[in-house]
Amino acid sequence: MHPVLPRALPGGLEGLTELALDLRWTWNHAVDALWQEVDPDLWHQTHNPWVVLQNVSRHRLDELDADEGFTSRLDRAMDGRRRYFATPGLCAATPSEAMPRTIAYFSMEFGLSEALPLYAGGLGVLAGDYLKTASDLGVPMLGIGLLYQQGYFRQTIDNAGNQDAVYPYNDPTSLPIQPAFDPDGSALELDLPLPGRTLRLRVWRAQVGRVDLYLLDSNHVSNAPVDRGITSRLYGGGPEMRLLQEVVLGIGGWRLLEALGVDVDVCHLNEGHAALLVLERARRCMHERRLSFREAWWTTRAGNVFTTHTPVAAGFDAFAPALIHKYAKGLLADCGISLQELMALGRVDPNDDAEPFNMTYLALRGCAQSSAVSRLHGEVSRRLFERLYPRWPVHEVPVRHVTNGVHMPSWDSSWADALWTSACGQDRWLRESTCLASVATCEDADLWELAADQRADLVHYARDRLALQLGQRGEDPERVSLAGQVLDPNILTLGMARRFAEYKRMTLLLHDEERLVALLTNTTRPVQLIVAGKAHPDDEAGKRQVRAWLEFARRPCLAGRVVFLEDYDLAIAQRLVQGVDAWINTPWRPWEACGTSGMKALVNGGLNVSTLDGWWAEAYDATSGWAIDGGGGDAEDAHELYRLLEDEIVPSFYERDAHDIPRRWVARMRASMTRLAPSFSSNRMLLAYLDDFYRPATRALRKRKKKDSAPGLAEWSDTVASHWHEVRFGDVDITLDGEQWRFRAHVYLGDLPLAWVRVELYAEEGEGFPMQCIPMREGASVSGVIGGYEFSAGVPAAHAPGRYTARVRPWNDDAFLPAELPFIAWQR
Ligand SMILES: *Cc1c(COP(=O)(O)O)cnc(C)c1O
């Protein structure tokens with residue numbers, strides 16, 4: 001049923017298919033010239049090798065086949081490709097203990113390229129960057145996602161400034177993907193039991209260098225029309241459609257891994273959408289290894305990692321209980337757990353039948369390790385999830401963080417690429433990041449020229465885009481031709497692009513329009529601004545903000561200093577982050593979990609002006625960018641932003657020395673490129689996940705699978721759970737013993753074995769004190785009491801003893817705690 005194969009090519013050109021189908025062309029531009037040669041017009045229009053290859057004329061192909069110059073250039077490109085694959089990545093080159101065999105990365109969206117538009121925003125772009133990074137570093141990863149027929153909406157804007165949503169159809173044959181095959185060589189299809197029918201899924205494979213991305217697709221002729229549409233739109237449709245998409249991604253995704261026959265150690269859930277996977281993985285393990293569901297749940301959980309991406313509870317996916325009931329019956333019938341037990345996994349209160357089923361909670365419970373996406377977001381997330389870990393101090397809520405990063409080779413301009421290559425070599429992003437600091441030795445003049453080249457390129461791009469969009473709106477040709485005169489390649493260029501979600505405050509700069517006009521039109525130190533972004537189709541307030549920018553940009557007095565580019569996407573993002581001098585981002589703190597667009601400017605020498613939120617709260621220092629607080633009101637923040645622009649940003653851009661170089665500005669570019677670009681590269685991010693999450697996951701999973709340690713853990717946790725109510729403190733004695741306070745606590749464990757708990761003396765962080773957690777040592781049994789023990793510990797007498805509180809927690813060296821068993825009992 002998969003009719004799609006690449007067209008037949010003349011013998012000498014067969015390599016072109018391989019090149020066009022590997023999305024490595026999205027970050028490796030060495031072969032761009034080849035595609036340009038194949039068909040300059042198509043290349044210019046699309047920058048998409050796959051489209052070029054599918055549409056170039058047969059006649060042209062025959063010409064190229066006969067052109068020895070071309071075929072030898074193609075051979076060289078194929079050699080380069082073989083070299084990439086033959087060179088072990090940073091990780092493969094340093095094999096070590098507990099390297100996962102395969103990491104399956106699940107995401108509802110993947111933003112790899114405009115040629116494969118399966119994303120809405122930052123979450124997808126991050127997932128795309130992550131796969132590219134895994135390819136570069138040789139981390140054994142594959143991606144699992146959905147193939148949307150229509151993807152996310154595209155933005156058009158009419159003459160009155162109204163945003164409209166359009167949904168172009170993604171014809172799979174025009175996408176750089178191929179049908180996926182099972183190990184026997186037949187086209188892969190999967191069946192999922194849904195109420196009253198079986199859902200049949202097609203499977204596609206996109207190649208991202210060394211990494212494969214598998215895409216599930218419900219648009220199969222044998223499905224009912226409504227089911228064919230499950231994978232129609234990203235974040236479209238109502239709750240039931242969303243749940244069905246999550247069933248396909250999570251449950252279908254795990255079944256796909258089995259059908260492919262890959263040995264997966266780690267499943268990484270990029271956001272909670274794929275959370276159902278944890279149930280399916282356990283269910284399958286239960287049958288395969290003849291375990292109880294609880295045992296299988298404990299075994300497989302070690303291999304699951306969850307990353308949460310939202311800082312507000314409203315951002316979590318939650319479903320009405322009836323919807324879950326409807327689908328759980330068929331899908332999880334043979335799990336041997338009751339509906340009540342299942343529902344409890346997605347609820348704060350297991351006994352509240354009205355509480356919706358929350359996918360984020362399921363993910364937290366079904367993954368032994370969880371992370372947030374920036375330090376600040378870690379703090380916010382721990383507060384959000386506190387209720388799932390009752391009586392635990394908030395900082396011990398088991399959610400750590402790995403700050404996001406971006407795949408630098410996907411975002412650098414050709415000029416930046418050349419500059420970094422001369423300073424740090426061709427394969428700089430494939431090695432340890434230490435070499436990257438040598439970009440610090442670049443001349444000021446070179447950095448300044450980099451900015452000029454990139455800015456000029458962006459100005460031309462923006463003019464072309466503007467002419468195109470004005471033409472499409474039906475503006476008269478005179479106005480369209482004026483687009484060629486907007487912007488100026490020598491003016492300080494600010495960029496601002498993102499979704500028009502309320503918290504992003506896209507119109508903060510318009511707070512005092514006259515003040516902004518004065519900045520833009522200053523005769524000696526003018527400023528120009530490029531804005532882009534989509535408002536969600538149902539978000540009327542966001543659409544009004546889009547209109548506000550369009551109306552502002554039309555003011556005659558601005559003389560083309562402000563341009564709004566329609567239909568913000570990866571292609572526009574790339575050009576913007578390459579060409580702007582400064583990137584502005586003004587969310588409310590702490591609503592931006594991380595934010596990545598500003599990181600994309602780093603490699604190109606763009607400077608950040610941003611709220612101290614998300615990544616910028618960790619990255620900012622006064623040598624490399626500018627910050628506004630973001631915790632105040634809109635008026636205060638707007639004022640602070642204007643002040644920064646007027647007093648600091650504009651002057652440091654325009655104050656030139658005798659060589660006409662703005663030394664202060666260039667010093668910031670250098671600091672930002674040297675210090676920040678390596679830290680916010682996705683290499684750092686992926687290596688952190690590998691060392692701090694994937695390796696511990698792999699180690700624990702293997703241990704649990706070996707002998708019968710998993711039943712051991714399940715039994716341990718069940719016993720602890722059934723006896724925990726017996727655990728309590730008796731007397732706690734505090735005596736002065738020389739330089740120490742000696743604490744002696746009587747602890748009653750009922751029938752719980754002593755070895756299954758740990759007793760600690762805990763002190764909260766206070767003024768001048770760090771948080772402390774001191775293990776208490778077991779002494780004698782309390783005489784005459786079964787299950788009563790004395791525990792003791794000493795602390796320096798300098799601290800008031802009242803700061804310390806004794807506590808008991810379940811303990812098992814093989815468990816991730818408190819994530820996997822969040823009990824705790826306190827002395828008081
Ligand atoms: C990077 C990127 C985003 C995410 O950027 P934020 O800073 O998180 O808003 C969204 N959309 C596109 C097209 C991007 O390239």
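None of the values given here were measured: they were computed from a predicted structure. (Residues numbered from 1 in each chain as written. Predicted model: local features only at pLDDT ≥ 70, side-chain atom pairs only at ≥ 80, totals over all residues. Heavy atoms only, no water.)

According to the stated counting rule, one finds 59 salt bridges in the structure shown. In this structure, Asp 212 and Arg 205 form a salt bridge, with 2.9 Å as the shortest nitrogen-oxygen distance. Exposure remark for Arg 205: the relative accessible area of 27% places this residue in the partly exposed category. The salt bridge partner of Asp 634 is Arg 505, with a shortest N-O separation of 2.7 Å. With Asp 634 in helix 26 (residues 634-654) and Arg 505 in the loop between strand 17 (492-497) and helix 21 (513-521), the pair connects residues that are 129 residues apart, well separated along the chain. Take Asp 634: its relative accessible area is 34%, and that puts it in the partly exposed class. When salt bridges with common partners are traced through the structure, they connect Glu 114, Arg 154, Lys 534, Asp 567 and Asp 569 into a single cluster. (Salt bridge = Lys/Arg side-chain N within 4 Å of Asp/Glu carboxyl O. Buried < 20%, exposed > 50% of the residue type's maximum accessible area, 1.4 Å probe, protein only. Helix = DSSP H or I, 4+ residues; strand = E, 2+ residues; numbered from the N terminus.)

What follows deals with the side chain of Asp 444. Take Asp 444: it is sitting in helix 19 (residues 444-472). Assessed through its relative accessible area of 18%, Asp 444 is described here as buried. A polar atom in the side chain of Asp 444 sits 2.8 Å from the side chain of Arg 663. (Polar contact = N/O pair within 3.5 Å; in protein donor to acceptor, adjacent residues only side chain to side chain.)

A few words now on the packing of helix 12 (residues 293-301) against helix 28 (residues 682-705). In a pair of packed helices, the angle between the axes and the distance between the axes together describe the arrangement. Following both chains from N to C, one finds helix 12 and helix 28 inclined at 145°, their axes separated by 8 Å at the closest point. Touching Trp 298, Thr 299 and Thr 300 of helix 12 are Leu 701, Arg 704 and Lys 705, all from helix 28. Residues of the contact of helix 12 with helix 28, tallied by class, amount to 2 nonpolar, 2 polar and 2 charged. (Axes fitted to C-alpha atoms, helices over the stretch in contact; angles between N-to-C directions. Contact = heavy atoms within 4.5 Å. Nonpolar A, V, L, I, M, F, W, Y, C, P; charged D, E, K, R; others polar.)

We now examine the state of the cysteines. Under the definition given, this model contains 0 disulfides. Distance from the sulfur of Cys 442, which forms no disulfide, to the nearest cysteine sulfur (Cys 424) is 7.3 Å. Of the residues examined, Cys 442 reaches a relative accessible area of 12% and is grouped as buried. (Disulfide = S-S within 2.5 Å.)

As a further point, take the site of the ligand. In the vicinity of the ligand there are 14 residues, among which Lys 504, Ala 573, Thr 596, Ser 597 and Lys 600 approach most closely. In this structure, an oxygen atom belonging to the ligand sits 2.9 Å away from a side-chain N or O atom of Lys 504. Between the ligand and the protein, one listed contact pairs an oxygen atom with a backbone N or O atom of Thr 596 at 3.3 Å. Look at the ligand: alone it shows 390 Å² of surface, and the protein chains cover 94% of it. For the shell around the ligand, the elements supplying multiple residues, two or more each, are helix 8 (122-137), helix 23 (570-579) and helix 24 (597-602). Counting contributing residues, the shell around the ligand receives three or more from each of domain 2 (102-150 + 176-404 + 690-704) and domain 3 (433-459 + 488-676). (Near = heavy atom within 4 Å. Areas by Shrake-Rupley, 256 points an atom, 1.4 Å probe, with all protein chains shown as cover. Domains from an automatic or database assignment.)

It is worth spelling out the domain arrangement of the protein at this point. Each assigned domain of the protein is listed here: domain 1 (11-86), domain 2 (102-150 + 176-404 + 690-704), domain 3 (433-459 + 488-676) and domain 4 (715-826). Each of domain 1 and domain 2 has a C-alpha centre, and these two points are 36 Å apart. Each side of the interface is counted separately: domain 1 has 13 residues, and domain 2 has 15 residues. Buried area between domain 1 and domain 2, summed over both chains or domains, comes out near 1,200 Å², and the portion from carbon and sulfur atoms is 60%. There are 0 salt bridges connecting domain 1 and domain 2. On inspection of domain 1 and its partner domain 2, the count reaches 7 residue pairs in polar contact (both at pLDDT 80 or more). Elements supplying a minimum of two residues to the side of domain 1 that touches domain 2: helix 1 (15-21) and helix 6 (68-86). Per-element tally for the side of domain 1 that touches domain 2: the top contributor is helix 6, with 3 residues. A per-class count over the side of domain 1 that touches domain 2 returns 8 nonpolar, 2 polar and 3 charged. (Buried area = accessible area lost by both parts, 1.4 Å probe.)

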